[in-house]
Amino acid sequence: MQIRVRIGYTLIETVVAIFLFSVGVLALVATSAIVGRELNVNATRERAGRIAATRLEMLRSMCRSAASGRERLGQIESQWSVGLSDSSHLSVMGSITYPARQGPRTDVYRGTLPCAP
């Protein structure tokens with residue numbers, strides 16, 4: 001009696017391996033898309049924060065001549081209002097609106113800035 005040894009994979013093993021590989025690749029692609037979107041949203045949020053910080057520094061440098069206003073840079077809109085709380089302090093209220101995943105988001109900043117003598 002002769003024993004035959006078969007070398008290789010069966011068709012079912014090959015199909016199952018391709019299926020598992022496909023599921024893994026699809027999961028990787030979906031995760032990459034989510035990470036890419038989150039990076040984009042975080043970049044916009046970080047840019048909005050830098051715009052707000054820059055505006056506060058500009059208002060502080062112009063202390064007594066600072067005026068209220070608004071500005072739009074791309075998709076980011078900022079508004080600010082100023083008032084002198086006393087002769088050495090500037091009262092500032094600023095809002096910045098930027099796009100987020102759930103729709104436009106507005107962050108509001110309030111504070112009092114000291115004026116240089």
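Check the entry above for the structure.
Predicted model, so just to flag it, every value in this text is computed and none were measured.

Novice: With reference to specific residues and values, describe the pairing of strand β1 (residues 69-73).
Specialist: Here 5 bridges tie β1 to strand β2 (residues 76-86), and the two strands are oriented antiparallel to one another. The partner of Glu71 across the bridge, within β2, is Ser78. The antiparallel hairpin formed by β1 and β2 contains 2 residues in its connecting segment, where Gly74 sits at a positive phi of about 65°.

Novice: Outline the pairing of strand β4 (residues 103-114), supporting the account with residue identities and numerical values.
Specialist: Note: strand β3 (residues 89-100) against β4, 12 bridges, orientation antiparallel. Bridge assignment links Gly94 to a residue of β4, and that residue is Tyr109. The antiparallel hairpin formed by β3 and β4 contains 2 residues in its connecting segment.

Novice: How would you summarise the pattern of salt bridges if you had to cite specific residues and measurements?
Specialist: Applying the stated rule across the entire model yields 6 salt bridges. For Asp107, the salt bridge is made with Arg105, and the minimal N-O distance between the two is 3.0 Å. Residue class for Arg105 comes out partly exposed when judged on its relative accessible area of 40%. The network of salt bridges with common partners includes Arg70, Arg72 and Glu77.

Novice: Quick one: what's the story with a nonpolar patch on the surface, residue by residue and with numbers?
Specialist: Together, Ile12, Val16, Phe19, Leu20 and Val23 line one region of the surface with nonpolar side chains, adding up to about 520 Å² of accessible area. With respect to the secondary-structure elements, Ile12 resides in helix α1 (residues 11-61).

Novice: Could you give me a rundown of the side chain of Ser78, with the residues and numbers involved?
Specialist: Tracing the sequence through the fold places Ser78 in strand β2. In this structure Ser78 comes out as buried when scored by relative accessible area, which is 7%. Beyond its immediate stretch of four places on either side in the chain, Ser78 contacts Ile51, Gly69, Arg70, Glu71, Ser95 and Ile96.

Novice: Outline the packing of aromatic side chains, listing residues and values.
Specialist: If you walk through the whole model with that rule in mind, you get 0 aromatic pairs. The positively charged end of Arg55 is found above the aromatic ring belonging to Trp80, 3.8 Å away from the centroid.

Novice: Tell me about the nonpolar core, and name the residues and values.
Specialist: One finds Leu59, Cys63, Ala66, Trp80, Leu90, Val92, Leu113 and Cys115 forming the largest nonpolar core, which totals 8 residues. For Leu113, the residues in contact, after removing those within four places along its chain, are Leu56, Arg60, Ser88, His89, Leu90 and Val92. By size, the runner-up hydrophobic cluster in this structure holds 6 residues, among which are Ala48, Ala52, Ile96 and Tyr98.

Definitions and limits used
- Residues numbered from 1 in each chain as written.
- Predicted model: local features only at pLDDT ≥ 70, side-chain atom pairs only at ≥ 80, totals over all residues.
- Heavy atoms only, no water.
- Pairing = 2+ DSSP bridges.
- Helix = DSSP H or I, 4+ residues; strand = E, 2+ residues; numbered from the N terminus.
- Salt bridge = Lys/Arg side-chain N within 4 Å of Asp/Glu carboxyl O.
- Buried < 20%, exposed > 50% of the residue type's maximum accessible area, 1.4 Å probe, protein only.
- Patch = residues over 30% accessible without salt bridge, like charges linked within 9 Å, V, L, I, M, F, W, Y side chains within 5 Å.
- Areas by Shrake-Rupley, 256 points an atom, 1.4 Å probe, with all protein chains shown as cover.
- Contact = heavy atoms within 4.5 Å.
- Phe/Tyr/Trp six-rings, centres within 6.5 Å; stacked < 30°, edge-to-face > 60°.
- Lys NZ or Arg CZ within 6 Å of the ring centre and 35° of its normal.
- Core = buried A, V, L, I, M, F, W, Y, C linked by side-chain atoms within 4.5 Å.

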